[in-house]
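# Structure at a glance
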Amino acid sequence: MPNTRQTTIQCVQCHQPVRAVVRSLIDAQQEPDAKVQLLSGRLNAAPCPSCGAINTVMTPLLYHDASKELLISFVPMEMGLSKDAQEKAIGELMRQLTSNLGNSGFKGYLLQPRQALTLQGLVEQVLQADGVTPQMMEAQRERVRLVEMFIQSPEENLPALVQEYDAKIDAEFFQTMTMVAQRTLEEGRQNLAHQILETQNRVVELSTYGQQMIAQSEVQEAVVQEVVEAINAIGPNPQRADFLNLAIQYAESEAHLQALVGLTRQVFDYAFFQEFTAKVGQAPAEERDKLAALREKLLEYCALIDQQSQMAVQQAAQLLEALLTAPNPDELIQANLPMFDTLFLQVTAANIQEAERRQDMATSGKLKAVYNKVISALQANMPPELRFINDVLGAETEADAGALIAQHVQEFDARLLEALDAVEAQVGANGSPEIHQRLAFLRREAEGIFG
Ligand SMILES: [Zn+2]
């Protein structure tokens with residue numbers, strides 16, 4: 001059933017051999033990833049491990065989406081196939097498709113595939129079936145052109161360029177830029193990807209929309225800080241009722257409620273909402289509607305966060321995939337350090353477990369190597385204060401932690417207190433009582449010296 005095959009081609013630029021995965025049959029329902037590859041121009045593209053050039057393998061394509069009754073064939077003109085040879089190639093793919101579908105999946109539209117004359121034409125037919133209009137496609141093409149102009153512009157010209165196009169710099173512009181950076185990264189061009197992200201930061205600072213984003217995120221950060229402090233004030237043994245009270249206290253502020261759910265999503269479980277429903281039932285009539293509305297809002301925020309974390313997990317998985325196939329993973333790690341967060345490590349750990357469950361030791365070995373590389377890179381880049389706090393938290397016994405503190409605390413300065421603030425905010429309500437105890441211990445010692 002695999003709809004891909006391996007082949008070796010010669011790099012167009014340096015003529016070295018390049019291994020490539022070739023796909024000729026795309027079933028959008030069965031393999032949504034293949035559809036994404038097609039739409040993002042990565043289908044049958046093989047980066048050369050020697051020079052980084054992107055090679056594209058020419059092959060006839062058959063695209064199928066049963067949910068839209070869509071069947072499109074495409075044979076690249078560059079292949080120079082005769083009409084007979086084209087029909088034979090598509091006929092072969094049709095046989096493969098119908099045998100995958102089995103008898104029950106057969107419908108009339110499968111007899112007559114639509115034809116696309118160019119790859120772009122194929123992409124446009126697929127997008128149109130998704131409800132993307134030609135106007136939307138043109139707007140996106142224009143956005144990509146604009147983004148490319150910014151990327152190619154020398155740094156000193158950026159302010160003038162931003163001023164000229166300020167009205168066109170919006171959320172979609174930045175999304176497009178991020179997408180271009182990500183694609184560049186996946187093609188193995190880390191330096192360029194890094195440069196694109198730097199240009200993006202500059203454009204954020206310079207543009208009206210970017211400045212609004214910065215102002216907004218500063219307000220959000222202040223709200224998050226406020227909510228973190230309220231959670232910490234609950235003490236070491238928070239109960240569901242404490243969070244319920246906090247939510248009621250924040251009922252009038254969506255920003256605070258969102259921050260609360262975002263920081264402590266795991267508190268808002270089935271039992272929490274059961275408790276909440278009971279409370280709504282017991283409340284005096286005049287408060288009942290308000291509480292019920294709050295309950296709906298919290299449910300909505302939980303769903304939103306679950307959706308976002310699912311997307312973030314997918315992104316982390318993609319990054320992991322890129323690392324596993326990168327010719328030089330160390331470079332990739334260095335160029336993308338900020339992207340290696342707790343979630344990335346969790347996703348990698350889950351993949352290691354899964355590989356071990358399958359007893360696929362080769363994969364689990366590769367994954368472990370990647371995991372260790374990322375951890376060492378992160379540790380090497382950690383400010384010394386954070387590394388120290390990490391060591392204290394990781395010490396086996398209370399006495400070991402105390403000895404570490406006594407021995408090294410003098411080597412630091414007031415920045416240790418700032419680092420402690422940051423760690424405490426991050427640990428928030430999720431930390432165990434032991435972690436909070438150790439952080440408090442370290443804080444007392446540090447404040448005694450530089451407070
Ligand atoms: Zn090459």
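The shown structure was predicted, so the numbers you read here are calculated from the model rather than taken from an experiment.

Here the focus is the overall build of the chain. A count of helices and strands for the chain gives 19 helices and eight strands. Its C-alpha atoms put the chain at 85 × 60 × 60 Å along the principal axes. Across the 451 residues in the chain, those meeting the buried criterion constitute 35%. Surface summary for the chain: the accessible area is close to 26,200 Å², and the carbon and sulfur share equals 51%. One finds the centroid of the 35 positive side-chain charges in the chain at a distance of 9 Å from the centroid of its 59 negative side-chain charges.

Protein coordination of the zinc ion is provided by Cys11 (SG), Cys14 (SG), Cys48 (SG) and Cys51 (SG), with donor distances spanning 2.3 Å. Around the zinc ion sit four donor atoms; with metal-centred angles ranging over 106 to 114°, the donor geometry is tetrahedral. By relative accessible area, which is 1% here, Cys11 ends up buried. Owing to a relative accessible area of 31%, Cys51 belongs among the partly exposed residues under this scheme.

Let us look at the side chain of Ser364. Along the chain, the position of Ser364 falls in helix H15 (residues 361-381). Not counting residues up to four positions away in its chain, the partners in contact with Ser364 are Ile352, Ala355 and Glu356.

Here we take up the pairing of strand E1 (residues 4-10). The pairing of E1 with strand E2 (residues 17-23) spans seven bridges and is antiparallel. Residue pairing across strands places Ile9 opposite Val18, the latter belonging to E2. Counted along the chain from E1 to the antiparallel partner E2, the turn is six residues long, and its residue His15 has a positive phi close to 65°.

With that settled, consider the packing of aromatic side chains. Counted under the stated rule, the structure contains nine aromatic pairs. With 5.4 Å between their ring centres and 75° between their planes, Phe150 and Phe173 make a pair best called edge-to-face. Within this pair, whereas Phe150 is found in helix H4 (residues 134-152), its partner Phe173 is found in helix H6 (residues 171-186), the two being separated by 23 residues in sequence. Relative to Phe344, the ring of Phe340 lies with its centre 4.7 Å away and its plane at 85°, an arrangement referred to as edge-to-face. There is no split in this pair, since Phe340 and Phe344 are both buried. Three or more aromatic residues link up through ring pairs in this structure, and these residues are Phe150, Tyr165, Phe173, Phe174 and Tyr209.

Okay, the domain arrangement of the chain next. Once the domains are mapped, the chain shows domain 1 (4-129), domain 2 (134-206), domain 3 (217-305) and domain 4 (317-450). Placing the centre of domain 1 and that of domain 2 at their C-alpha centroids yields a distance of 29 Å. Of the roughly 640 Å² buried where domain 1 meets domain 2, counting both sides, 59% is carbon and sulfur surface. In this structure, the connection of domain 1 to domain 2 is made through one salt bridge. Close ionic contact of Glu124 with Arg141 constitutes a salt bridge, the shortest N to O distance being 3.3 Å. Summed over the shared surface of domain 1 and domain 2, the number is one residue pair in polar contact (both at pLDDT 80 or more). Top contributing element to the side of domain 1 that touches domain 2 by residue count: helix H3 (residues 119-129), with four residues.

Below, the discussion takes up H15. With 21 residues, H15 should reach 30 Å at 1.5 Å per residue; the first-to-last C-alpha distance of 30 Å fits that figure. Among the residues of H15, Ser364, Leu367, Val370, Val374 and Ala377 are the ones counted as buried. Burial along H15 is one-sided: seen end-on, the buried residues are contained in an arc of 155°. In H15, those exposed residues whose orientation departs by more than 90 degrees from the buried face are Met361, Ala362 and Ala380. The elements touched by buried residues of H15 are helix H12 (285-325), helix H13 (329-335) and helix H14 (342-357).

Structurally, the position occupied by Gln410 is in the loop between helix H17 (398-408) and helix H18 (415-427). With a relative accessible area of 58%, Gln410 lands in the exposed category. For the pair formed by Gln410 and Ile449, sequence separation is 39 residues and the distance between their alpha carbons is 7.7 Å.

Attention now moves to the sheet that holds strand E7 (residues 70-74). The strand order across the open sheet formed by four strands is E3-E6-E7-E8, and the pairing between neighbours is mixed. Of all the strands in the sheet, the pair left with one neighbour each is strand E3 (25-27) and strand E8 (114-116). Here the strands of the sheet are splayed against their neighbours by 20° on average, with no regard to which way each runs. Bridging between E3 and strand E6 (residues 61-65) involves three bridges; their strand directions are parallel. Bridging across to E6, Asp27 finds its partner in His64. Running over the sheet, H3 touches E6, E7 and E8 and is turned about 170° from E7.

Okay, the nonpolar core next. One finds Leu260, Phe268, Phe272, Phe276 and Leu298 to be the most contacted residues of the largest nonpolar core, which totals 26 residues. When residues of this core are assigned to their parent elements, the largest contribution, six residues, is made by H12. Excluding residues that lie within four positions of it along the chain, Phe268 makes contacts with Leu260, Val261, Phe273, Leu298 and Cys302. If you look at the next biggest cluster of nonpolar residues, it comprises 21 residues, including Ala326, Phe344, Val374 and Ala377.

In regular strands, side chains alternate between the two faces of the sheet. Most of E6 is tucked away, with five of its five residues classed as buried. Residues Leu61, Tyr63 and Asp65 line one face of E6 and the alternating positions Leu62 and His64 line the opposite face, and both faces are buried. Sheet topology note: the E6/E7 ladder contains five bridges and is antiparallel. Residue pairing for E7: Leu62 is matched across the bridge by Ser73. Counting the residues that bridge the hairpin from E6 to E7 gives four residues, and of these Glu69 lies at a positive phi of roughly 50°.

Cut-offs and rules
Residues numbered from 1 in each chain as written. Predicted model: local features only at pLDDT ≥ 70, side-chain atom pairs only at ≥ 80, totals over all residues. Heavy atoms only, no water. Helix = DSSP H or I, 4+ residues; strand = E, 2+ residues; numbered from the N terminus. Buried < 20%, exposed > 50% of the residue type's maximum accessible area, 1.4 Å probe, protein only. Areas by Shrake-Rupley, 256 points an atom, 1.4 Å probe, with all protein chains shown as cover. Lys, Arg positive; Asp, Glu negative; His and termini not counted. Charge placed at Lys NZ, Arg CZ, Asp CG, Glu CD. Donors = N, O, S within 2.8 Å, 3.2 Å for Na, K, Ca; no water. Tetrahedral: all angles 85-135°; square planar, octahedral: opposite > 155°, others 65-115°. Contact = heavy atoms within 4.5 Å. Pairing = 2+ DSSP bridges. Phe/Tyr/Trp six-rings, centres within 6.5 Å; stacked < 30°, edge-to-face > 60°. Domains from an automatic or database assignment. Buried area = accessible area lost by both parts, 1.4 Å probe. Salt bridge = Lys/Arg side-chain N within 4 Å of Asp/Glu carboxyl O. Polar contact = N/O pair within 3.5 Å; in protein donor to acceptor, adjacent residues only side chain to side chain. Expected span 1.5 Å × (residues − 1). Arc of directions from axis to C-beta. Axes fitted to C-alpha atoms, helices over the stretch in contact; angles between N-to-C directions. Core = buried A, V, L, I, M, F, W, Y, C linked by side-chain atoms within 4.5 Å.

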